[in-house]
Amino acid sequence: MSSFFEKGKLKHGLPSSAYTSADFFRTECDTVFTNNWVFVGFAHELNEPGDARPIMVAGQPVVLIKNNEGKISAFHNACSHRCLKLVDEPMNVGKMLSCPYHAWTYSLDGDLCATPFFGGKEHQPEGFEMSNHNLKSIKIAIWQDWIFINLSGNAANFEDYAAPLIQNFSDIDFQKVKPVATLDFGEISTNWKFLMENFIEPYHVQFVHRTTTNQPLEDHYTIVDGVCLGSAIDLDDDDKVKGSLSVSSRYLTLFPNFIIGRYAPDQIGVYLNVPVDEGHTHQKRVIYTTEGESVSIKEVDEMKKLWWDVHKEDHAICERMQLGRASPVSKDGGMLSPHWEDSVRAFQEMIAEAVTSPPKNNK
């Protein structure tokens, strides 16, 4: 990392090991994805009481569950008896969550309710306190449709932490925002950081997306505001070209893995990036309209095609970035544009700080 911290106007990027090393990825799991607010899912995907979705965060099994009052909670996805993974696919568990191994049963709030024959003929052995063996809860925050968790429990209040991002949406009536389409890109052969970095720098747009966008580089600018990083472009209606992305846009992130795009006049796109290992990331994108309007099937299909094409261009580039990190010349991380990639540098500095600093206790 020595070249990364060198002084001077021109900066190196993170070394190749930050993208290729299994040890570095494990360190990120223990720091970046444990100590921060991590984006993990969409509230609209848990519609009914009993809906449960298993997820992996920092290599740990977690389950999101909706209770009878409509509240979504997060728990470590392990039975308190023998630690079996309780939920292994999205499902509705009904009124109670029961372990398939020995039928220990929990309420939708994680309370242990039944331990059949655990004490032999008696259901509870002497000295066993049910309340000491509830599911272990995880700190959770939900902003609009977007679910965040903090594994360590030490992160600052979410609204305070995310304030630099949230202020960019103060003019939106979220009561009118609704999901209209989902694109599941599956597993992409690249480190999760390349997807984040690609989203927040505009330098590549006119080269990578020359056939799918009409957003000139000279009209872009970067955004560096604490944990909110990104880029943006302001265009006139006269610049719009049918069939391409040619509107005023805000490309914003919340450290570490939340991505949200705002596209004039009436669209939002949110990306769920799930690191699988040092060289693979699963990505899904949900498209929202912001004015509560009805959207035809044809319009939805057109949206999906445009965004699929745009992001497959991004994915191909990020996969080649990953391949390039196998070269010895990538050891020092290449060079960053001080103008167009200052947002990338800020993101990488947060990574470097996260993996080298002790966690802060913000309880």
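Residues numbered from 1 in each chain as written. Predicted model: local features only at pLDDT ≥ 70, side-chain atom pairs only at ≥ 80, totals over all residues. Heavy atoms only, no water.

## Brief notes about the nonpolar core
Consideration 1: Counting residues in each nonpolar core, the largest one holds 86 residues, and the members touching the most others are Trp143, Trp146 and Phe258.
Consideration 2: Of all the elements, helix H9 (residues 342-356) adds the most residues to this core, at eight residues.
Consideration 3: Those residues in contact with phenylalanine 258, other than ones at most four positions away along the chain, are Phe39, Trp143, Trp146, Phe148, Leu165, Met196, Leu252, Thr253 and Val270.
Consideration 4: Listed in part, the 17 residues of the second largest apolar core include Ala52, Val63, Cys79 and Phe128. (Core = buried A, V, L, I, M, F, W, Y, C linked by side-chain atoms within 4.5 Å. Buried < 20%, exposed > 50% of the residue type's maximum accessible area, 1.4 Å probe, protein only. Helix = DSSP H or I, 4+ residues; strand = E, 2+ residues; numbered from the N terminus. Contact = heavy atoms within 4.5 Å.)

## Topic: the packing of aromatic side chains
Consideration 1: This structure, assessed with the given rule, holds 26 aromatic pairs.
Consideration 2: Here phenylalanine 148 and phenylalanine 158 contribute two aromatic rings whose centre-to-centre distance is 4.6 Å and whose plane-to-plane angle is 35 degrees, an arrangement assigned as tilted. Of the two residues, phenylalanine 148 is situated in strand E11 (residues 146-150) and phenylalanine 158 in helix H4 (residues 158-161); the sequence distance between them amounts to ten residues.
Consideration 3: Ring geometry for tyrosine 263 and tryptophan 307: centres 4.7 Å apart, planes at 50 degrees, overall tilted. You can see tyrosine 263 sitting in strand E16 (residues 258-263) and its partner tryptophan 307 sitting in helix H8 (residues 297-324), a full 44 residues away along the chain. Of the two residues examined, tyrosine 263 and tryptophan 307, each falls in the buried class. (Phe/Tyr/Trp six-rings, centres within 6.5 Å; stacked < 30°, edge-to-face > 60°.)

## Side note on the packing of helix H6 (residues 192-200) against H8
Consideration 1: One way to put it is that H6 packs onto H8 with a least axis distance of 10 Å and a crossing angle of 130 degrees. Of the possible angle classes, the one that applies to H6 and H8 is oblique. Relative to H8, the crossing made by H6 is right-handed. Contacts between H6 and H8 involve Phe194, Leu195 and Asn198 on the former and, on the latter, Asp314, His315, Cys318, Met321 and Gln322.
Consideration 2: For the contact of H6 with H8, the residue count by class is four nonpolar, three polar and one charged. (Axes fitted to C-alpha atoms, helices over the stretch in contact; angles between N-to-C directions. Parallel < 35°, antiparallel > 145°, perpendicular 65-115°, else oblique. Left-handed = near helix turned anticlockwise from the far one by under 90°. Nonpolar A, V, L, I, M, F, W, Y, C, P; charged D, E, K, R; others polar.)

## Structural notes on the sheet that holds strand E6 (residues 91-92)
Consideration 1: With antiparallel pairing, seven strands are arranged side by side in an open sheet as E2-E11-E10-E5-E4-E3-E6. This sheet does not close on itself; its edge strands, each paired only once, are strand E2 (38-42) and E6.
Consideration 2: As paired elements, E2 and E11 share four bridges and run antiparallel to each other. By the bridge assignment, glycine 41 is partnered in E11 with isoleucine 147. (Pairing = 2+ DSSP bridges.)

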